[in-house]
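# Overview (structure and organization)
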Amino acid sequence: MRMSIRLASLSVLAGLCLFAAACQPVEQNANTTATSSATPPGEQKLAQVPRPPAIEQAMKDRGEQDQATPTLRVVSPANNATINGSKVEVKLDLSGDLKGYMPHKDPATQKGNHIHVILDNQPYEAYYELGQPFELRNVSEGKHTLRVFPSRPWHESFKNDGAFQIVEFTVKGGGDASKPTTTNSGEKVANPANKSEGAAASPTPAREGKDFAASQAGDVDRAKPLLTYSRPKGEYKGADADPIMIDFWLMNAKLQGDGGEYRVRYSIDGGEAKFLDKWEPIWLSGWINGKHSVKLELVDKDGNVVDNGGYNSTTREITISK
Ligand SMILES: [Cu+2]
């Protein structure tokens, strides 16, 4: 009796397994992520690889540019400024020993030197044409931080003194004409600040800018160690999808391999923690298609995350389609 019940439940299980086996491979091939508990057929094994030859070549082609020591000054928003309205104009002053380094997007390749602009702890936005302000749009009321640093066409940051700047500012609502028009219930009906990106044929190019998701500043102390997550972010396609660079900015923190006491810890898809003991980008190869999470943390010698407004532990999702 007992046996027959067990057999019966086994056969039910077998039926379920057959059903699952019939549909599972299709699903896994279509959207394989390493976050699933089962081991997917194309298991991701990441390996650190040298700087890709294409980037080595780009560096040679750029002459001395990669030895430049660009320094930035945030003209606007001024540190501790209060801004009325949801649109924040970013104006930067670039100086230092530039050796030909100048942000600009080449219309043909859609690439070029640019500045990484980070509101609060959101993914950076690229700012190419310093001759015109860059707009942060739909910035929510309250305290914010802005971080900026110069970057190369392949998104590797310059790491010299003065390259990185951080300012704090406060956004207040008010009778600013650029503020979104809202109904009594708070629904947005029109936003004069949000011009569309502009048609390519337009004689005056649309101002660079970006709508930002609502966020607030962390409680950041600029005298404390600060890790700024830069790359990877967003979508990676084709040749850009492998290898992928991890790059970050460090303020007030020296890593152990550079004679300091800190380490940068990273983990992909919640996997094994790995450590970076030198402040330089790394390239990881072996990504499989799909969504991945990248966590980057600044830790002390005991392995504890160094507290600084929550910015020293950041996780981003990226998408790979090779
Ligand atoms: Cu970039």
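My aim in this report is to walk through the structure given alongside it, one point at a time. Since this is a predicted model, take the numbers as computed values, not measurements. Note that residues are indexed from 1 along each chain, following the sequence as it is written. In view of the model being predicted, local features appear only for residues whose pLDDT reaches at least 70, and side-chain atom pairs are presented and counted only at 80 or more, with totals across whole chains, interfaces and linings using the full set of residues. Side-chain figures throughout are based on the complete set of non-hydrogen atoms in the structure, without hydrogens or water.

### Observations regarding the overall build of the protein
Helical segments are the DSSP runs of H or I of at least four residues, strand segments are the runs of E of at least two, and each set is numbered from the N terminus. The helix and strand tally for the protein stands at 2 helices and 20 strands. Working definition: with a 1.4 Å probe on protein chains only, accessible area under 20% of the residue-type maximum means buried, over 50% means exposed, and in between means partly exposed. When burial is assessed residue by residue, the protein has 41% of its 322 residues classed as buried. By definition in these notes, contact holds between two residues if any of their heavy atoms fall within 4.5 Å. Of the contacts made within the protein by residues no fewer than 6 positions apart, 69% connect residues no fewer than 24 positions apart. Computed by Shrake-Rupley with a 1.4 Å probe, the accessible areas treat only the displayed protein chains as cover when residues are assessed. On the protein, roughly 16,800 Å² of surface is accessible, and the fraction owed to carbon and sulfur atoms is 52%.

### Structural notes on the sheet that holds strand β13 (residues 226–231)
For two strands to be treated as a pair, DSSP must find no fewer than two bridges joining them. Here we have 4 strands laid out as an open sheet, ordered β1-β18-β15-β13, and antiparallel in their pairing. On the outer flanks of this sheet lie β1 (47–49) and β13, each paired with one strand and no other. The sheet shows a mean angle of 35 degrees between the axes of neighbouring strands, direction not considered. Relative to strand β18 (residues 282–285), β1 runs antiparallel, the two sharing 3 bridges. Across the sheet, Gln 48 pairs through a bridge with Leu 284, a residue of β18. Here an angle of 0 to 180 degrees is reported between the N-to-C directions of two axes, which are lines fitted to C-alpha atoms, with helices fitted over the stretch in contact.

### Structural notes on the pattern of salt bridges
By definition here, a salt bridge exists when the distance from a side-chain nitrogen of Lys or Arg to a carboxyl oxygen of Asp or Glu is within 4 Å. Tallying each qualifying case throughout the model produces 23 salt bridges. Note that Glu 135 is salt-bridged to Arg 137, the shortest N-O span being 2.9 Å. Of the two residues, Glu 135 and Arg 137, neither departs from the other in class, the shared state being buried. A salt bridge links Glu 297 to Lys 295; the nearest nitrogen and oxygen atoms lie 3.8 Å apart. What makes Glu 297 buried here is its relative accessible area of 8%. A network of salt bridges, in which partner residues are shared, links Arg 51, Arg 62, Asp 66, Arg 152 and Glu 156.

### Details of the nonpolar core
Nonpolar side chains in soluble globular proteins generally cluster together in the buried interior. Residues belong to one nonpolar core when they are buried, are Ala, Val, Leu, Ile, Met, Phe, Trp, Tyr or Cys, and are joined through side-chain atoms within 4.5 Å. Leu 92, Ile 115, Leu 136 and Leu 146 are the most contacted members of the largest nonpolar core, which totals 25 residues. Of all the secondary-structure elements, those providing two or more residues to this core are β2 (69–76), β4 (88–97), β5 (114–119), β7 (134–137), β8 (142–151) and β9 (165–172). If you tally residues by element for this core, the top one is β4, at 4 residues. Discounting residues that sit within four places of it in the chain, Leu 146 has contacts with Val 74, Pro 77, Val 90, Val 117, Ile 118, Leu 119, Leu 136, Gln 165, Ile 166, Val 167 and Phe 169. One finds Leu 227, Tyr 236, Ala 253 and Val 306 within the second-largest nonpolar core, a separate group that totals 24 residues.

### Re the pairing of strand β19 (residues 290–299)
Of all 10 residues in β19, 7 are buried; the element is thus mostly enclosed. Pairing geometry for strand β16 (residues 263–268) and β19, over 6 bridges, is antiparallel. Each bridged residue has a counterpart across the sheet, and for Ser 267 the counterpart in β19 is Lys 295. For β19 and strand β20 (residues 313–321), the ladder comprises 8 bridges, and the chain directions are antiparallel. Paired with Val 294 across the bridge in β20 is Arg 316.

### Details of the packing of aromatic side chains
Centres within 6.5 Å are what make two rings of Phe, Tyr or Trp a pair, Trp counting through its six-membered ring; a difference in plane orientation under 30 degrees is then read as stacked, over 60 as edge-to-face, and the rest as tilted. With the rule as written, the count across this model stands at 5 aromatic pairs. With 4.8 Å between their ring centres and 70 degrees between their planes, Tyr 101 and Phe 158 make a pair best called edge-to-face. With Tyr 101 in the loop between β4 and β5 and Phe 158 in the loop between β8 and β9, the pair connects residues that are 57 residues apart, well separated along the chain. Like Phe 158, Tyr 101 is buried. Pairing Phe 164 with Trp 249 gives two aromatic rings, centres 4.9 Å apart and planes at 25 degrees, and the pair type is stacked. Pair noted here: Phe 164 is in the loop between β8 and β9 and Trp 249 is in strand β15 (residues 244–251), with a separation of 85 residues, a long-range link. Each member of the pair, Phe 164 together with Trp 249, is buried. Criterion for a charge above a ring: Lys NZ or Arg CZ within 6 Å of the ring centre, and within 35 degrees of the ring normal. Above the plane of the ring of Phe 158 lies Arg 152, whose end atom (NZ or CZ) is 3.8 Å from the centre. Positioned over the ring face of Phe 275 is Arg 263, at 4.0 Å from the centre of the ring.

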